[in-house]
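One letter stands for each residue in the lines below.
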Amino acid sequence: MSGFRQISFDAIIVGGGGAGMRAALQLSQSGFRTAVLSKVFPTRSHTVSAQGGITCAIASADPEDDWRWHMYDTVKGSDYIGDQDAIEYMCMEGPQTVYELEHMGLPFSRTPNGRIYQRPFGGQSKNFGKGGQAARTCAAADRTGHALLHTLYQGNLKNDTVFLNEWYVIDLVVNQDGAVSGVTAINIEDGEVCFVAAAAIVLATGGAGRIYASTTNALINTGDGVAMCLRAGFPVQDMEMWQFHPTGIHGAGTLVTEGCRGEGGYLINKDGERFMERYAPNAKDLAGRDVVARAMVLEVLEGRGCGERGDHVMLKLDHLGVEVLNSKLPGILELSRAFAHVDPIREPIPVVPTCHYMMGGIPTNIHGQALARSAEGEDEAIPGLFAAGEAACVSVHGANRLGGNSLLDLVVFGRAAGKHIDELLQQGMRARQAAPEDVDRALDRLRRLDSSREGESTAALRGELQNIMQLHFGVFRTGEFMREGIAKLEDLKPRIENSHLADKSAAFNTARIEALELENLFAVAEATAIAAEGRDESRGAHARDDFRERDDDNWLCHSLYFPEQRKIGKREVNFRPNVVDTFEPRARTY
Amino acid sequence: MSQVLVSIYRYNPEQDSKPRMQSLAVDVPGDRDLMVLDVLELAKAKDPSITYRRSCREGVCGSDGMNINGVNGLACITPLTKAAGPARKLVLRPLPGLPVIRDLVVDLSQFYEQFEKIRPWLINDEPPPPAERLQSPDERAKLDGLYECILCACCTTSCPSFWWNPDKFVGPAGLLQSYRFLADSRDAATAERLAELDDPFSVFRCRGIMNCVSVCPKGLNPTRAIGKIRNMLVERGT
């Protein structure tokens, strides 16, 4: 494939969600030529679906609040494999980052004294777990992600960021030295293929919830950035750690915010019992998401599920009253009426744990630099490559993310990556040269699809993949059953590698994009499966029936999945925060 | 299983000299009410060349605005029973009034240009305080019904005034956002914003037809916002 156009920027950001646009904003404000490549118009990115809020200690609801308490909660929530230097940075920088968003115009809800409204969320405490429930999640009604994403888009328009909207990135261009020099991309509208070069390439491509059949994630969440790294031979971290959100609408998968329980809603089984009191006597419905999701599955398995098939539980909100529901949870009323056919003002919402968030991803340091492993087993930054947001694993969420920490993660580390790239560019960092064959390699899979003559179609293969993952790698896992799942994936692999693109047309060919996305989904699913089978303990969201206990002697560490060997290794967790004392691992109860 | 007859507007610039309607019978599960987007996904599984935008599939990203049985709406939150009626027939066309790129995908450049024209960002050159700018709950309540816009273009592409003057009339979505900043107690550019709108076309082409209000999938009221801007412009002139 020759004759493609080359376009150059100082920095390119792949993905127009919160992390990508926050990084882009930082660089555009400094005057660097910055482009966001997004496969959808930026405000269609999945950040828009975040509801409940952004957690950080701005001390509005509680003047005594302290970022160290937030840090304690996050470390505990992570089941102690979140990196404490990164969590410390996030919780400490959080308030400033949120104020910047407010100054940009984000329409936060307000308290009577005019400050930003904060609501209680799961896993939050005062005074290092000793002071009861905290209210630390800053909210714009239940549309915080929408408000945040639009505000960031507005900020980027104001600062003249270049938007290459509806451009789909195919692969990283990696040169002979192992440095990343740019990406290959298709302009979806007319099918033109380009090499987009830059000194810094930031992957902010979000999650990959679409590897599961039942997910709260948008249809676009196909793990593109993680899969690009895997194809380039770079390791990915903690891919076994997938969060199942307790309250996805039964049947539809649509998210119902944890803010519902923060505002006083609770879960009931078929007997009308508030069952979380049995599983988490203190935090009850506001225990960690992994804890609540497992309790719900146990209720169903033990015959106390609701509905004809007894396959879900109910989220009760009617006791909160019309006024609270209309002012604090208006979006939930809309979604429940549309997707569950119930009006929460009068009836409970049928909910099930639903795949929601990828805690794992591209390993990075707190500056957003993507990390690989040297021959000596040390971290080494991949020249030119950065990652932020859900695609990255910095790791602030460890084995279980707390609600409201994803929006914080993406703005704090999008900003941090932007600031660091800014410094490197000031110091004279330049784009790394790529040879024509390096670019050519990054077009292999496109060329394969465009010359396909026969094979299976995308939709059926994707459905099979999602069902395998749903069945074999769900809320509860066992070794034998996961090995069966891995064998099924092995059978599926050649079929996906030989899939057929019937429509070869250039203009707005979504069939081509979906075929490319399917390969990405598979790469992420395979990494997930192998990492999950490898971690023989239960920790956070990774719950094994055959290894029910946490095993700190062997697994108080990250997993690293190496795509070329298809094997996992271990990477140590950071227990060295800069200003506070280390939070030592303890038994995790709520 | 039951069948739905779907008629879809098809146009591929590389193959078709003019658009055509394609009819497809789609099998849908009988036990629950699908959304129009679910039906489209089933149709695309049969014929992968069918082209449309979609992302969140829950009515918050604004990708899948289209003309559904004659009315603009979001495919992902329009129930099949409501759209197709007892005849079980779905007719899907692109949003009207904009150039078609392919099938149900329109070129939204003019729509976005009008949005950008109103300078859709908070303007306040005062150095910000160390914490947030304060805003009372009442001041914040003025933004309700405005900030929720998802830029799906259902309103603007249903507006005859926009069809006539897409280059000069800002249109309901852009004006709703314009008022979102005019109404924000933190914004300091009211005078400049009004001056930029004070011509015969930008605002005053609105004829109060109110198609925008009837189609908005988020239940917002651009006509009311336009009325408020008109009042501000009139007051400014006196």
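Because the structure is a prediction, the values reported are computed rather than measured. (Residues numbered from 1 in each chain as written. Chains lettered and ligands numbered in written order. Predicted model: local features only at pLDDT ≥ 70, side-chain atom pairs only at ≥ 80, totals over all residues. Heavy atoms only, no water.)

Across its full length, chain A carries 17 helices and 22 strands. Scaling as 2.2 N^0.38, a compact globule of 590 residues should have a C-alpha radius of gyration of about 25 Å, and chain A matches this with 23 Å. In terms of principal-axis extent, the alpha carbons of chain A reach across some 65 × 50 × 50 Å. Within chain A, counting contacts between residues at least 6 apart in sequence, those at least 24 apart form 74% of the total. Approximately 19,000 Å² of chain A is accessible, and the part contributed by carbon and sulfur atoms is 47%. (Helix = DSSP H or I, 4+ residues; strand = E, 2+ residues; numbered from the N terminus. Rg over C-alpha atoms; globule rule 2.2 N^0.38 Å. Contact = heavy atoms within 4.5 Å. Areas by Shrake-Rupley, 256 points an atom, 1.4 Å probe, with all protein chains shown as cover.)

Now for the nonpolar core. Within the largest apolar cluster, 139 residues are counted, with the highest numbers of intra-cluster contacts made by Ile 54 and Phe 413 of chain A together with Leu 90 and Leu 92 of chain B. Contacts of Leu 92 of chain B, omitting those with residues within four sequence positions, involve Val 6, Ser 7, Ile 8, Tyr 9, Met 21, Val 36, Leu 40, Met 66, Asn 67, Ile 68 and Leu 104 of chain B. Core analysis: the second largest hydrophobic core is formed by 66 residues, Trp 167, Ala 198, Ala 387 and Phe 473 of chain A among them. (Core = buried A, V, L, I, M, F, W, Y, C linked by side-chain atoms within 4.5 Å. Buried < 20%, exposed > 50% of the residue type's maximum accessible area, 1.4 Å probe, protein only.)

Pairing is antiparallel in the open sheet, where 3 strands are placed in the order E3-E5-E4 (chain A). At either end of the open sheet lies a strand with only one pairing partner, and these are strand E3 (54-55) and strand E4 (118-119) of chain A. (Pairing = 2+ DSSP bridges.)

Residues and elements named next belong to chain A. Extensive coverage of strand E2 (residues 34-38) is indicated by the burial of 5 of its 5 residues. Burial along E2 is two-sided: Thr 34, Val 36 and Ser 38 facing one way and Ala 35 and Leu 37 facing the other are all buried. As paired strands, strand E1 (residues 5-14) and E2 are joined by 4 bridges and run parallel to one another. When the sheet's bridge partners are listed, Ile 13 is paired in E2 with Val 36. Handedness of the crossover joining E1 and E2 through helix H1 (residues 18-29): right-handed. Where E2 and strand E6 (residues 162-165) come together, 4 bridges link them in parallel fashion. Pairing of Ala 35 across the sheet is with Val 162, part of E6. (Right-handed = clockwise from strand over helix to strand, strands pointing away.)

Before going further, it helps to spend a moment on empty space enclosed by the protein. All names here are of chain A. Using the criterion set out here, one finds 10 cavities of 30 Å³ or more in the structure. His 46, Thr 47, Gly 206, Asn 221 and Glu 390 are, among the 50 residues lining the largest cavity, the residues nearest its centre. No other element matches the 4 residues that helix H11 (residues 405-426) contributes to the lining of the largest cavity. Counted by class, the lining of the largest cavity contains 17 nonpolar, 25 polar and 8 charged residues. Space inside the second largest cavity adds up to approximately 230 Å³. (1 Å grid on protein atoms, 1.4 Å probe; cavity = no way out; pocket = protein on both sides within 12 Å on 5 of 7 lines; lining within 4 Å. Points joined across faces, edges and corners; volume = space filled by probe spheres on them. Nonpolar A, V, L, I, M, F, W, Y, C, P; charged D, E, K, R; others polar.)

In this section: unusual backbone geometry. Residues and elements named next belong to chain A. Backbone torsion omega between Val 394 and Ser 395 reads -10°, so that peptide bond is classified as cis. By the secondary structure assignment, Ser 395 is in the loop between strand E18 (392-393) and H11. Backbone geometry at His 341 places phi at a positive 55°, although glycine is not the residue there. Inspection of the secondary structure puts His 341 in the loop between helix H10 (330-340) and strand E14 (349-358). Residues other than glycine seldom take positive phi values, yet Arg 566 does so here, at roughly 50°.

Just geometry here; none of it tells us what the structure is for.
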